[in-house]
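Residues per chain, in single letters:
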Amino acid sequence: KYQIQETHSEWSRNISRWQFLIDSYLGGQDYRDGKYLLSYVMESQEEYEGRLDNTPLDNHVKAIVAIYNAFLFRQPPKREFGSLSTDPSLQAFLEDCDLEGRTFDAIMRDVSTYSSVYGNVWLVIDKPETTAYTRAEELDQGVRPYLSIFTPENVIDWNYERAANGSYFLTYLKVLESRSAKKMVYRIYTPEVIQVVSLETSEENAIIESEIPNALGIIPAVYVYSQRSPIRGVGVSDVGDIADMQRAIYGELSEGRRSCIVTGK
């Protein structure tokens, strides 16, 4: 239990900041639930909740990200696929990149959005398990690779090592795929195997649900950063300072509204 729940030191250091950044982007109820207003001395919980409900948020973070993406994707991107252009599954991949109906262009817009907010996101490519023995059988079954976006709060542990040629490569990646009150499911990638591990909250031991060989020999994941930081696997948010200023304006607006109520003006 404790081994599977172990997190990277940088994840533990940044998780509260990441949560603040995504709340600042989403706004609305997510921002209210974050309780980013300072409470007053002697203020009751009911009064504090009332201020949260009555203080509107002027969402500068979302506006800035939208403006940047509108400029970036003003023209449809043009891509060259080389030898892959004749691959019979390429068009299906471009039209339904994540097996949930989103196109590759839509996925990349989301990557741009969330990497701006968090500083980076992780892209993982995977392929469903199949009993097919040939490429033709896979095509008949509709089996093909697909992309998944994982935001930093869900990638809880990772490790890079330096290769003999001096480059770094990913040797370990642990993703929290789903979480409920009763159960958590993790996906663990290494160059040798890919495991799905579940952990019941009431149990002490984790259960390996599946384990398949990693035929690629590498972890099919890359972190897409908005701005690089000195720490591998952690980026620098484009809107961190804007989020801090937005919170300050939010607090000042609450102060102003309270002053008007107290003075009757």
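Fair warning: this is a prediction, and the values are worked out from it, not measured in the lab. (Residues numbered from 1 in each chain as written. Predicted model: local features only at pLDDT ≥ 70, side-chain atom pairs only at ≥ 80, totals over all residues. Heavy atoms only, no water.)

(A) How the structure looks around the pattern of salt bridges. Throughout the structure, instances matching the rule amount to 11 salt bridges. One salt-bridge network, in which partners are shared between bridges, spans R17, D244 and R247. (Salt bridge = Lys/Arg side-chain N within 4 Å of Asp/Glu carboxyl O.)

(B) Up close: the confidence of the model for the chain. With 90% of its residues at a pLDDT of 70 or more, the chain shows a mean pLDDT of 89. Put simply, helix 7 (residues 135-141) is where the chain has its lowest mean pLDDT, 65, and helix 1 (residues 9-26) is where it has its highest, 96. (pLDDT = per-residue confidence, 0-100. Helix = DSSP H or I, 4+ residues; strand = E, 2+ residues; numbered from the N terminus.)

(C) Highlighting unusual backbone geometry. The residue K35 is not glycine, and still its phi comes out positive at about 55 degrees. Along the chain, the position of K35 falls in the loop between helix 2 (28-34) and helix 3 (45-54). Backbone geometry places L99, a non-glycine residue, at a positive phi of 60 degrees. Inspection of the secondary structure assignment puts L99 in the loop between helix 5 (90-95) and helix 6 (104-118). Its relative accessible area of 41% is what places L99 among the partly exposed residues. (Buried < 20%, exposed > 50% of the residue type's maximum accessible area, 1.4 Å probe, protein only.)

(D) Structural context of the sheet that holds strand 6 (residues 193-200). What the five strands build is an open sheet, ordered 3-4-5-6-7; its pairing is antiparallel. For this open sheet the edge positions go to strand 3 (155-162) and strand 7 (207-213), each flanked by a neighbour on one side alone. Here the average twist between neighbouring strands, direction ignored, is 10 degrees. Where strand 6 lies against strand 7, six bridges are found, and the strand directions are antiparallel. (Pairing = 2+ DSSP bridges. Axes fitted to C-alpha atoms, helices over the stretch in contact; angles between N-to-C directions.)

(E) A look at the pairing of strand 3. In the sheet, strand 3 pairs with strand 4 (residues 168-179) via seven bridges, with the strands oriented antiparallel. Within strand 4, the position partnered with D157 by the bridge is K174. Following strand 3, the chain reverses through five residues before pairing antiparallel with strand 4; G166 in that reversal takes a positive phi of roughly 100 degrees.

(F) Structural view of the packing of aromatic side chains. Evaluated as defined, the whole model comprises nine aromatic pairs. Ring geometry for F20 versus Y36: centroids 5.2 Å apart, planes at 70 degrees, classification edge-to-face. With F20 in helix 1 and Y36 in the loop between helix 2 and helix 3, this pair connects stretches of sequence that are 16 residues apart. Here the two residues F20 and Y36 agree in accessibility, since each one is buried. Between Y31 and Y36 the ring centres are 4.8 Å apart and the planes differ by 45 degrees, which places this aromatic pair in the tilted class. With a relative accessible area of 17%, Y36 lands in the buried category. An aromatic cluster is defined as three or more aromatic residues linked by ring pairs; in this entry it consists of W122, W158, Y160, Y223 and Y225. A cation over an aromatic ring shows up here: R51 above the ring of Y40, its NZ or CZ 4.0 Å from the ring centre. Cation over ring: R232 sits above Y168, and NZ or CZ is 3.8 Å from the ring centre. (Phe/Tyr/Trp six-rings, centres within 6.5 Å; stacked < 30°, edge-to-face > 60°. Lys NZ or Arg CZ within 6 Å of the ring centre and 35° of its normal.)

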